[in-house]
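Chains, contacts and geometry: an overview
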Amino acid sequence: MAVHTKFRLITYSQEIVDGQPIFVSSNSLPTKALKYEPAGHSFHSAALKLRGVQEDKNEADDKKVPDDKEQTSLPSDSYSSKSKKKSGTGDKQQDHYALLGLGHLRYLATEDQIRKSYRETALRFHPDKQAALLLAEETEAAKQAKKDEIESHFKAIQEAYEVLIDPVKRRIYDSTDEFDDEIPTDCAPQDFFKVFGPAFMRNGRWSVNQPIPTLGDDNTPLKEVDNFYNFWYSFKSWREFPHADEFDLEQAESRDHKRWMERQNAKLTEKARKEDYARIRTLVDNAYKRDPRILRRKEEEKAEKQRKKEAKYLAKKLQEEEAARIAEQEKQRKEEEERQAAEAALQQKKVKEKEKKLLRKERARLRTLSGPIISQRLLDISDDDVEGLCMSLDIEQMRSLCENMEGKQVLSEQASVLRDAMSSKKEVADVKTNKQDANGSIKANGSASRSNVEKKEKPWSKEEIDLLRKGMQKYPKGTSRRWEVISEYIGTGRSVEEIMKATKTVLLQKPDSSKAFDTFLEKRKPGAQSIESPLSTREELEGVSTLASTNSTEESHSKSTDNQNTASANGVSSSSEQDVWSAVQERALVQALKAFPKETSQRWERVATAVPGKTVNQCKKKFAMMKENFRNKKSAV
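Described in the following lines is the structure provided in the data block. Predicted, not measured: the structure shown is a model, and the values here were computed from it. (Residues numbered from 1 in each chain as written. Predicted model: local features only at pLDDT ≥ 70, side-chain atom pairs only at ≥ 80, totals over all residues. Heavy atoms only, no water.)

**Comments concerning the overall build of the protein**
Assigned secondary structure in the protein consists of 24 helices and 2 strands. For the protein, buried positions account for 25% of its 637 residues. Taking contacts inside the protein between residues at least 6 apart in sequence as the whole, the part at least 24 apart equals 66%. (Helix = DSSP H or I, 4+ residues; strand = E, 2+ residues; numbered from the N terminus. Buried < 20%, exposed > 50% of the residue type's maximum accessible area, 1.4 Å probe, protein only. Contact = heavy atoms within 4.5 Å.)

**What to know about the packing of aromatic side chains**
Per the stated rule, a full pass over the model turns up 17 aromatic pairs. Judged by centre distance (4.0 Å) and plane angle (15°), the ring pair of Tyr118 and Tyr161 falls under stacked. Here Tyr118 is found in helix α5 (residues 111–124), whereas its partner Tyr161 is found in helix α7 (residues 140–165), with 43 residues between them in sequence. For the pair Tyr118 and Tyr161, a shared accessibility class is recorded, and that class is buried. Across the ring face of Trp206, the terminal group of Arg205 is positioned such that the distance to the ring centre comes to 4.1 Å. Arg603 extends its terminal NZ or CZ atom over the ring of Trp604, reaching a point 5.3 Å from the ring centre. (Phe/Tyr/Trp six-rings, centres within 6.5 Å; stacked < 30°, edge-to-face > 60°. Lys NZ or Arg CZ within 6 Å of the ring centre and 35° of its normal.)

**Focus: the environment of Met500**
As for its placement among the helices and strands, Met500 is situated in helix α18 (residues 496–505). A sequence separation of 17 residues divides Met500 from Trp483, and the C-alpha atoms of the two residues are 7.7 Å apart.

**Re the environment of Gln414**
Looking at the element boundaries, Gln414 is found in helix α15 (residues 411–456). Relative accessible area serves as the criterion here: at 9%, Gln414 is assigned to the buried category. Along the backbone, Gln414 and Leu401 are 13 residues apart, and their C-alpha atoms lie at a distance of 9.7 Å. In this structure Gln414 touches Leu369, Ile373, Met405 and Lys408, once residues within four positions along its chain are discounted.

**Here we look at helix α16 (residues 462–474)**
Residues three or four positions apart in an α-helix share a direction because the helix packs 3.6 residues into each turn. Counted at 1.5 Å a residue, the expected span for α16 with its 13 residues is 18 Å, and the 18 Å between its end C-alpha atoms agrees. Listed in full, the buried residues belonging to α16 are Glu464, Ile465, Leu468 and Gly471. Looking straight down α16, one finds its buried side chains confined to an arc of 125°; they lie on one side. Projecting away from the buried face of α16 at angles above 90 degrees are the exposed residues Lys462, Glu463, Lys470, Gln473 and Lys474. Against the buried residues of α16 lie α17 (482–490) and α18. (Expected span 1.5 Å × (residues − 1). Arc of directions from axis to C-beta.)

**A short note on helix α24 (residues 616–636)**
Its 21 residues place the ends of α24 31 Å apart at the C-alpha level, agreeing with the 30 Å of an ideal helix rising 1.5 Å per residue. Three or more residues of α24 are buried, namely Gln618, Cys619 and Lys622. Across the axial projection of α24, the buried residues extend over an arc of 95°, all falling on one side. In α24, the exposed positions angled more than 90 degrees off the buried face are occupied by Arg631, Lys634 and Ser635. On the buried face of α24, the contacting elements are α22 (583–595) and α23 (603–610).

**Structural notes on the pattern of salt bridges**
Scanning the model with the defined rule gives 28 salt bridges in all. Of the charged contacts in the structure, one is a salt bridge between Glu270 and Arg273, with a shortest N-O distance of 3.6 Å. Placement of both Glu270 and Arg273 in helix α11 (residues 255–290) is noted, with a separation of 3 residues, approximately one turn of the helix. The exposure class assigned to Glu270 is partly exposed, which follows from its relative accessible area of 36%. (Salt bridge = Lys/Arg side-chain N within 4 Å of Asp/Glu carboxyl O.)

**What about the state of the cysteines?**
By the definition in use, this model includes 0 disulfides. Just so you know, Cys402 is unpaired, no disulfide at all, and the nearest cysteine sulfur is the one on Cys390, 8.0 Å from it. Classification of Cys402 by relative accessible area gives buried; the value is 0%. (Disulfide = S-S within 2.5 Å.)

**Structural notes on unusual backbone geometry**
The linkage connecting Gln210 with the following residue, Pro211, adopts the cis geometry, with an omega of -5°. Its place among the elements puts Pro211 in the loop between α9 (192–203) and α10 (222–233). At Arg106, a position not held by glycine, the phi torsion is positive, near 55°. Take Arg106: its relative accessible area is 2%, and that puts it in the buried class. Even without glycine at this site, Gln602 takes up a positive phi of about 55°.

**Remarks on the side chain of Gln113**
Inspection of the secondary structure puts Gln113 in helix α5. In terms of polar contacts, Gln113 uses its side chain to reach the backbone amide nitrogen of Thr110, at 3.1 Å. (Polar contact = N/O pair within 3.5 Å; in protein donor to acceptor, adjacent residues only side chain to side chain.)

**A word on the environment of Asn286**
With respect to the helices and strands, Asn286 occurs in helix α11. For Asn286, a relative accessible area of 13% corresponds to the buried category. When residues no more than four places from it in sequence are discounted, the contact partners of Asn286 are Ile183, Pro184, Thr185 and Phe196. Among the polar contacts made by the side chain of Asn286, one reaches the main-chain carbonyl oxygen of Pro184 at a distance of 3.4 Å.

**Here we look at the nonpolar core**
One finds Phe192, Phe196, Phe200, Tyr229 and Trp232 to be the most contacted residues of the largest nonpolar core, which totals 20 residues. Elements that contribute at least two residues to this core include exactly α9, α10 and α11. With 5 residues, α10 is the single largest residue contributor to this core. The contacts of Phe192, once residues within four sequence positions are left out, are Cys187, Gly197, Leu215, Tyr229, Ala287, Arg290, Asp291 and Pro292. Formed by 19 residues, the second largest nonpolar core is a distinct cluster that contains Leu369, Cys402, Ala415 and Leu418. (Core = buried A, V, L, I, M, F, W, Y, C linked by side-chain atoms within 4.5 Å.)

**Let's talk about a positive patch on the surface**
Positive charge collects at one region of the surface, where Arg255, Arg259, Arg263 and Lys267 lie side by side. Of note, Lys267 is situated in helix α11. (Patch = residues over 30% accessible without salt bridge, like charges linked within 9 Å, V, L, I, M, F, W, Y side chains within 5 Å. Areas by Shrake-Rupley, 256 points an atom, 1.4 Å probe, with all protein chains shown as cover. Lys, Arg positive; Asp, Glu negative; His and termini not counted. Charge placed at Lys NZ, Arg CZ, Asp CG, Glu CD.)

**So, the packing of α10 against α11**
Orientation of α10 relative to α11, taken along the N-to-C sense of each, is 160°, at an axis distance of 10 Å. In this view, α10 runs roughly antiparallel relative to α11, as classed from their interaxial angle. Two packed elements cross with a definite hand, and for α10 against α11 that hand is left-handed. Contacts between α10 and α11 involve Tyr229, Trp232 and Tyr233 from the first element and Ile280, Arg281, Val284, Asp285, Ala287 and Tyr288 from the second. (Axes fitted to C-alpha atoms, helices over the stretch in contact; angles between N-to-C directions. Parallel < 35°, antiparallel > 145°, perpendicular 65-115°, else oblique. Left-handed = near helix turned anticlockwise from the far one by under 90°.)

Following this line, the structure appears as structure tokens:
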């Protein structure tokens, strides 16, 4: 019907007057007003009460509730009393908190508040207190209906108290209370705290650990942020999950049937609990991915990691450059040392060449002075005696001898000077010979004693050698008390000294080493050309007269004799002749070194015999040069 503004007692909203829908908000879910016109005395009285014109008696009684109900506020749009204000007789569940007047507190209400509210509500809505309402009814049917309504309302209050005062029943009821399970998935960076903050506060009611940490703001320290996410990643919930398909244990037919029902109900509860934990984990993951504080820290860590990487690269580059610089300095130092060593060697070589040249001149001078004496056979001085003096005296002694001979004008006096030099040389030679004989006797006695000791040692049999070889393989280096263990393994009473000596002698012997030289000589080609020694022999110089008519002939004779005596005395030729090796001689040296290994007795004597025209010292020097050349090539590669 139409609204008559002329008789209005209150002012209505223009939307209501025009018949348009309006939206209102409350602690419950959003409610949309329908296109219905206001009518009735009840609506009129409610409008007057909102305007403050009159006060309801029930509202005045409600104001007497202590202030402790308003101490804790409830998050907005978290709960709703929708479909819960009906009694439990219907299909829908009644709102126990609303019946006790605790709708503004709900799960935050304490046990004392529940008891106090129940006493006040039960006293106010007791059937004895509502008897006046029955008298207001006119008919018996209306009175009976009103009585049933009052009793049903009082029973609902008692039922609500029984549920809320029991911790188990109340936890189940709070778990089934209406709750916004939706979680935000995405938001703008500037709206992160506005979107995710209320979501965490809303879900924090289920936490076992109270109080819960807050999300904070953009200026919250990172330590508190990490603590916040650690709390939610290890979130523990007390929420129960009663399922509509659960079995009623009171309807069980037997004990086994009841246990089966409990197992089925536990499966449904566990499944719902896992789904709720997955929902909470999704909320935390979404927040962690979009938290500007976490993103900022990740960027800083990434930048720090890149900085460390670049610093490490630069440090490595500097280290390589420093190592290259040091290597270059070391190379230059070695080159300088080699250059100085080469210069010193060259200078020393020049000094030696100069000394040799002076020595050859003094020898030629002595031969010239002693030529007439030798030709006339004065004091039985022969050419061999003069050559012996040339080979034994040094340059100073030879110069002094020549000056003394030149100071004498008579040949007999020169011959006596020469004889005196020969006699003094002989005395020195006798002293050296006596010393060598004494040393030789000592060495001979020592070798004899050692040979006696060696003769006392028992020779090794083939079986003992095989056992020794197997013991060496079975007990390698590093074995504790190795030699004692090997001695016990052989079992023939061999001492540790004998075993250690045998490993260096017996095990290293080759079966045919004694006949290796004979085999080498047999395998030589019969048509191999023999290389004559390039040294001049005494027979070649017999036709040359000691008293040469010219100085050139005498100089050449002295040089050839000097080379010959040097080779016979020292066993080596001059430096120029030592470097001359033919291909046949080098091949023979290599074959001889292979045929006679290191452990061969008198190795170098056999090698020198196998190489035509070369002595022991020459073979040793050539072998050292070959080894040095091989090492230089290897280092160059």
